[in-house]
Amino acid sequence: MNEFSRIYRPEMLPKIRSDAIMEAAEGAPCTFRIASFIPGRKCAGNDTTVGCHLPIWGKGTSTKVTDMAVGFGCRACHDIIDGVDREALRYLEKYYGAAMLERLLKGLTETHALLIQKGVIVIPDGEIIA
């Protein structure tokens, strides 16, 4: 085991809180689109989109993960991700586990691209390539 792996603890990394990230979700498209995996369901519409914190490291009692792990999700997808719609979450985990994880990852990177496009995330020395 090298020195880095003995001291590296991702749960101790700093968390970002950003009103600009959370507010950018308003009216944005749902970047997750996982509700549509369930027969007869679809996304709830852009008017219900909010910033959804993904269930990754840093989540705990009375604390959310970093806002860098926020994707734009409609009400239906947000309820699934947060476990409010337990039946849908269980269904997706059972039948579409890998596809759901892929959509969450793609949704996160899609959200980051939208945040860059809106000027909320700025990467010094970064270049937007169309």
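Definitions and limits used
- Residues numbered from 1 in each chain as written.
- Predicted model: local features only at pLDDT ≥ 70, side-chain atom pairs only at ≥ 80, totals over all residues.
- Heavy atoms only, no water.
- Helix = DSSP H or I, 4+ residues; strand = E, 2+ residues; numbered from the N terminus.
- Buried < 20%, exposed > 50% of the residue type's maximum accessible area, 1.4 Å probe, protein only.
- Polar contact = N/O pair within 3.5 Å; in protein donor to acceptor, adjacent residues only side chain to side chain.
- Contact = heavy atoms within 4.5 Å.
- Salt bridge = Lys/Arg side-chain N within 4 Å of Asp/Glu carboxyl O.
- Phe/Tyr/Trp six-rings, centres within 6.5 Å; stacked < 30°, edge-to-face > 60°.
- Core = buried A, V, L, I, M, F, W, Y, C linked by side-chain atoms within 4.5 Å.

> Tell me about the side chain of Asp67, residues and numbers included.
Assignment of secondary structure puts Asp67 in the loop between β1 (50-53) and β2 (70-73). For Asp67, a relative accessible area of 4% gives the class buried. Among the polar contacts made by the side chain of Asp67, one reaches the side chain of His53 at a distance of 2.7 Å. If we skip the residues at most four places from it in the chain, Asp67 touches Ile16, Arg17, Ser18, Ile21, Met22 and His53.

> I'd like to hear about the pattern of salt bridges, residue by residue, with values.
Taken as a whole, this structure holds 5 salt bridges when the rule is applied. A salt bridge links Asp85 to Arg41; its shortest N-O distance comes to 2.5 Å. Here Arg41 lies in the loop between α2 (19-24) and β1 and Asp85 lies in the loop between α3 (75-81) and α4 (86-117), a separation of 44 residues in the sequence. For the salt bridge of Lys106 with Glu102, the shortest nitrogen-to-oxygen distance reads 2.9 Å.

> Go over the packing of aromatic side chains, please, and point to the residues and values.
In this description, an aromatic ring pair is defined by two values, namely the gap between the centres and the angle between the planes. Applying the stated criterion across every chain, the model contains 3 aromatic pairs. Members of the aromatic cluster, each reached through a chain of ring pairs, are Phe37, Tyr91, Tyr95 and Tyr96.

> Account for the nonpolar core, with residues named and values stated.
Within the largest apolar cluster, 17 residues are counted, with the highest numbers of intra-cluster contacts made by Phe32, Ile34, Cys77, Ile80 and Leu92. When residues of this core are traced back to their parent elements, those giving at least two are α3 and α4. Contact partners of Leu92, with chain neighbours within four places excluded, come to Ile34, Phe37, Ile38, Ile80, Gly97 and Met100.

From the geometry alone we can't say anything about function, so treat these as descriptive.
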